Amino acid sequence: MTNVAAELLEAGLITEVAPENRGTQLGRPTTRLQLTPAEHFVLAVQIGAGVLQVGVVDLTSHVVGSELTDFALPATPEAVMGLAVVMLRRVMGSAGVGMHQVVGLGVGAAGLVDQEQRINLNSQNLGWADVAMADYFERELGVDVLVDHNVRAMAAGEAQYGVGRGLESLVFVYVRTGIGAGLILGGREYRGGTHGAAEIGHMRVEPQGRECNCGGIGCFETVLSDRVIPARMVEEGLLVKLPEPNDRTWPAALVAAVQRDEPRAIALRDEIVQYTASSLLNIINLLNPQVIVLGGLLHDLAPIILDDLRSSIPPQVLPRLRDSIRIEPASFGTEAGMIGAATVALDRFVFGEHVLQTTR
Ligand SMILES: [Zn+2]
């Protein structure tokens, strides 16, 4: 048994089970260890633009309780984090989980996070800067906290528990009010030089396009987001008016319209596929990941875009790379952010990087 296993055993995070019957085989019997998921938990908080999700997750990444709510913008960080604490206490109460069973809390923040993973430096869509998130939650809940970029955390969740299990490289593309990407390269989270994840939302896809809030022209975000697509649907007569901020039914309305063969819906779908394909091509040519995972709006629209992306992209890539391209919708759907926040907390507070490397 390794020292690490002994420590986990002592902490009650794993238990020894009876060794397998090895018949007449010689040698020392192997100790079999298994996680004791029902004894300890991590808490997860995912903060998006106007959306907050919290959860209680066991050591096998199984969600034992969760809650999702919308909040009106603008909102102060204190108001949103305070709401998260109230929701967490409620979810723990209904799941019968006590604070003594909690080993840590992971926060998936929208925007840049400092290297020590304690401060949300900048959140463009929320208008927040330098929010000391770890300090706040540690003070309120009395548990260890780490903060990660929400999309990078989603990538970690997919790489360990979802479609990327066992793979060394994965790119998670997340479309909501903005577009972000989380990268797993060489089996590790890629952290970039300036704290952020990959800003693929600002890759240029339309040289003559609209001005973006970053100062660039024709960025991916100017043609695809939770703001742009409903506006296009209104223009095309596919929606009567712009949806309320908490109305998430419009992607399903677009899927249904395409499935009914409405020409305007199909034209809009083709537009989405074309822009998405050109961004994914850049990612493939730059990084050649084993899988690209589609999250957020791309996940919601998967029924009408996935086949086209899978057939249109490979012919535009070098023959040798073509066969290995895998494009998959996110495994955890609307829970991707929460599972991601739980994953980074499990890594830090339960398994530790050294253990992860030996179990992969
Ligand atoms: Zn931009």
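Residues numbered from 1 in each chain as written. Predicted model: local features only at pLDDT ≥ 70, side-chain atom pairs only at ≥ 80, totals over all residues. Heavy atoms only, no water.

### What about the sheet that holds strand E4 (residues 51–58)?
For clarity, the threshold we go by: Two strands pair under a simple rule: DSSP has to find at least two bridges between them. Per the convention used, a helix needs a DSSP run of H or I reaching at least four residues, while a strand needs a run of E reaching at least two, with both numbered from the N terminus. Angles shown run from 0 to 180 degrees and are taken between the N-to-C directions of axes, each axis being a line fitted to C-alpha atoms and, for helices, limited to the stretch in contact.
Taken together, 5 strands build an open sheet; the order of strands is E5-E4-E3-E6-E10 and the sheet is mixed. What marks the edges here is a single partner per strand, and that holds for strand E5 (63–70) and strand E10 (145–149). For this sheet the average axis-to-axis angle between neighbouring strands, irrespective of direction, equals 15°.

### Topic: the coordination of the zinc ion
Short version of the rule: The rule for donors is simple: N, O or S, within 2.8 Å of the metal, or within 3.2 Å if the metal is Na, K or Ca. Water isn't counted, so a site may look like it is missing partners. Just to be clear on the cut-offs, tetrahedral is four donors with all angles between 85 and 135 degrees, square planar is four donors and octahedral six with opposite donors over 155 degrees apart and all others between 65 and 115, and anything else goes down as irregular.
Coordination sphere of the zinc ion, protein contribution only: His-202 (ND1), Cys-212 (SG), Cys-214 (SG) and Cys-219 (SG), at 2.0 to 2.3 Å. Classification of the site at the zinc ion rests on its 4 donor atoms, whose angles at the metal span 104 to 123°, yielding the label tetrahedral. Taken in sequence order, the residues that donate to the zinc ion follow the motif H-x9-C-x1-C-x4-C. Separated by 12 residues along the polypeptide, His-202 in the loop between strand E13 (188–189) and helix H5 (228–235) and Cys-214 in the loop between E13 and H5 bring together distant segments of the chain.

### Describing unusual backbone geometry
Stated formally: Exposure categories follow from relative accessible area, calculated using a 1.4 Å probe and restricted to protein chains: below 20% of the type maximum is buried, above 50% is exposed, and the middle band is partly exposed.
A cis amide bond links Leu-73 with the next residue in sequence, Pro-74, at an omega value of 0°. Inspection of the secondary structure puts Pro-74 in the loop between E5 and helix H2 (77–95). Positive phi is not limited to glycine here, since Asp-130 has a value of about 50°. Looking at the element boundaries, Asp-130 is found in strand E9 (residues 128–131). Despite not being glycine, Asp-261 shows a phi value in the positive range, around 65°. Within the secondary structure layout, Asp-261 lies in the loop between helix H6 (250–259) and helix H7 (263–287). The class of Asp-261 is exposed, set by a relative accessible area of 56%.

### Concerning the pairing of strand E6 (residues 102–109)
Note on strand geometry: in a regular strand, side chains alternate between the two faces of the sheet. With respect to burial, E6 is a largely interior element, 7 of its 8 residues being buried. One ladder, built from 5 bridges, connects E6 with E10; its direction is parallel. Paired with Gly-108 across the two strands is Asp-148, which belongs to E10.

### Focus on the nonpolar core
Nonpolar side chains tend toward joint burial in soluble globular proteins. So the rule is basically this: Side-chain atoms within 4.5 Å link the members of a nonpolar core, which is a set of buried Ala, Val, Leu, Ile, Met, Phe, Trp, Tyr and Cys residues. Residues count as neighbours in contact if any of their non-hydrogen atoms are within 4.5 Å of one another.
Within the largest apolar cluster, 44 residues are counted, with the highest numbers of intra-cluster contacts made by Val-173, Leu-224, Leu-254, Leu-280, Leu-309 and Ile-313. Every element with two or more residues in this core is listed here: strand E11 (170–175), strand E12 (179–185), H5, H6, H7, strand E14 (291–296), helix H8 (297–300) and helix H9 (302–312). If you tally residues by element for this core, the top one is H7, at 10 residues. Ignoring anything within four residues of it in the chain, the contact list for Leu-224 reads Val-175, Ile-179, Ile-229, Ile-272, Thr-276, Leu-297 and Leu-298. Grouped together as the second largest cluster of nonpolar side chains are 35 residues, Val-102, Ala-109, Ala-134 and Val-145 included.

### Quick look at the sheet that holds strand E7 (residues 112–113)
Strand order in the open sheet formed by 3 strands is E7-E8-E9, and the pairing between neighbours is antiparallel. Both outer strands of the open sheet, E7 and E9, are each paired with one neighbouring strand and no more. Judged from the 3 bridges that link them, strand E8 (residues 120–123) and E9 form a sheet pairing that is antiparallel. If you follow Asn-120 over to E9, its bridge partner there is Val-131.

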